[in-house]
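Observations on the three-dimensional arrangement
As a plain string of letters, each chain reads:
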Amino acid sequence: MGKDWMVLLQQQNQLDKVIKTNQTTERFGLALTEQDARLILEERKNSLMEQKRVEFGEGIVTKIIYEFCDSSYIDQNNYVSTILRLQEIFYLFKNEMMDEITDDELLHFMKEQFENTCFGDLEYLESTCLAIFSQAIRAGYDGFKGTEGYGEYEKFDEVKRWDYELYLETLKELCWR
């Protein structure tokens, strides 16, 4: 019985920290109910077991929330499901990158690609951006250490991106014909 109260206290502390993120996220129209927070923490436990990971302290949930709360691709309707998926992806790729990357570096990388390359598509984030980047890290790439995870994907991106300036130039040509 002595250990049970400690576990319950720790769980309540984690729940309180997740709920407290609402103070920041409400500015972006996002809020979690206690039920949402419990679901996120339960799925965190499942993801950790699935990926055979152990997490000490607060964990990654609140960091994910704070990193992604200002995303233009997250609204109240998809908030909980997106956080659930992001934490699942996070743990998977911490393993894929053999823990060579810090939590913050991975989160910065994920957010930058989510916003600028994937345009909110979690499947593309996982199956393309993170897959390519983790392959580079497993092959020995460590250039991300000086960038905190920012501006890294362009070095490995194999897809030709849309060029706004080229678009405008072509549009002008078409209009003047």
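Here, the structure is the one placed above.
To start, this report covers the structure provided alongside it.

Quick notes on the overall build of the protein
The secondary structure content of the protein amounts to eight helices and zero strands. In the protein, the succession of helices and strands from N to C terminus is α-α-α-α-α-α-α-α. A total of 177 residues make up the protein; the buried ones form 40% of that total. Put simply, 65% of the contacts in the protein that link residues at least 6 apart link residues at least 24 apart. For the protein, the accessible area works out to roughly 10700 Å², and carbon and sulfur atoms hold 53% of it.

Considering the pattern of salt bridges
Close approach of charged atoms allows side chains of opposite charge to pair. If you walk through the whole model with that rule in mind, you get twelve salt bridges. Lys63 is the partner of Asp104 in a salt bridge, and the nearest nitrogen-oxygen pair spans 3.3 Å. Here Asp104 is found in helix H6 (residues 103-116), whereas its partner Lys63 is found in helix H4 (residues 61-68), with 41 residues between them in sequence. Asp104 sits in the partly exposed class, given a relative accessible area of 36%.

Describing the packing of helix H3 (residues 34-50) against helix H5 (residues 79-96)
When two helices pack together, you describe them by how their axes are tilted relative to each other and by the distance separating the axes. As a packed pair, H3 and H5 sit with axes 10 Å apart at the nearest point and diverge in direction by 20 degrees. On the basis of their axis angle, the class for H3 and H5 is roughly parallel. Crossing of H3 over H5 shows right-handed handedness. Where H3 abuts H5, its residues Asp36, Leu39, Ile40, Glu43, Arg44, Ser47 and Leu48 lie against Val80, Ile83, Leu84, Gln87, Glu88 and Tyr91. In the contact of H3 with H5, the residues fall into seven nonpolar, two polar and four charged.

Quick look at the packing of aromatic side chains
Centre-to-centre distance and the angle between the planes together describe a pair of aromatic rings. Counted by the stated rule, this structure contains eleven aromatic pairs. Taken together, a centroid distance of 6.4 Å and an interplanar angle of 80 degrees make the contact between Tyr73 and Phe119 edge-to-face. Placement of the pair is Tyr73 in the loop between H4 and H5 and Phe119 in the loop between H6 and helix H7 (122-138), with a sequence separation of 46 residues. Judged by its relative accessible area of 53%, Phe119 is exposed. Measuring from ring centre to ring centre gives 4.8 Å for Tyr141 and Phe156, while their planes differ by 80 degrees; the resulting arrangement is edge-to-face. Taken together, the positions of Tyr141 in the loop between H7 and helix H8 (164-175) and Phe156 in the loop between H7 and H8 put the pair 15 residues apart, joining distant regions of the chain. Linked through ring pairs, Phe109, Phe133, Tyr141, Phe144, Tyr153 and Phe156 together constitute an aromatic cluster.

What to know about unusual backbone geometry
Even without a glycine there, the phi angle at Met98 is positive, about 50 degrees. When you line up the elements, Met98 lands in the loop between H5 and H6. Residue classification places Met98 among the partly exposed residues on the basis of a relative accessible area of 45%. Phi is positive for Asp99, which is not a glycine, with a value near 55 degrees. Along the chain, Asp99 falls in the loop between H5 and H6. Assessed through its relative accessible area of 44%, Asp99 is described here as partly exposed.

Things to note about the side chain of Ser134
Looking at the element boundaries, Ser134 is found in helix H7. For Ser134, a relative accessible area of 1% gives the class buried. Within the structure, Ser134 has its side chain in polar contact with the backbone oxygen of Ala131 (distance 3.1 Å). Leave out the neighbours within four places in its chain, and Ser134 touches Phe93, Glu96 and Met97.

Some remarks on H5
The end-to-end C-alpha separation of H5 is 25 Å, in line with the 26 Å expected for 18 residues at 1.5 Å each. Looking only at H5, the buried set comprises Tyr79, Val80, Thr82, Ile83, Leu84, Leu86, Gln87, Ile89, Phe90, Tyr91, Phe93 and Lys94. Looking at the buried residues of H5, the elements they touch are helix H2 (22-25), H3, H4, H6 and H7.

Reading the values: rules and limits
Residues numbered from 1 in each chain as written. Predicted model: local features only at pLDDT ≥ 70, side-chain atom pairs only at ≥ 80, totals over all residues. Heavy atoms only, no water. Helix = DSSP H or I, 4+ residues; strand = E, 2+ residues; numbered from the N terminus. Buried < 20%, exposed > 50% of the residue type's maximum accessible area, 1.4 Å probe, protein only. Contact = heavy atoms within 4.5 Å. Areas by Shrake-Rupley, 256 points an atom, 1.4 Å probe, with all protein chains shown as cover. Salt bridge = Lys/Arg side-chain N within 4 Å of Asp/Glu carboxyl O. Axes fitted to C-alpha atoms, helices over the stretch in contact; angles between N-to-C directions. Parallel < 35°, antiparallel > 145°, perpendicular 65-115°, else oblique. Left-handed = near helix turned anticlockwise from the far one by under 90°. Nonpolar A, V, L, I, M, F, W, Y, C, P; charged D, E, K, R; others polar. Phe/Tyr/Trp six-rings, centres within 6.5 Å; stacked < 30°, edge-to-face > 60°. Polar contact = N/O pair within 3.5 Å; in protein donor to acceptor, adjacent residues only side chain to side chain. Expected span 1.5 Å × (residues − 1).

As far as function goes, none of this settles anything; it's purely spatial.
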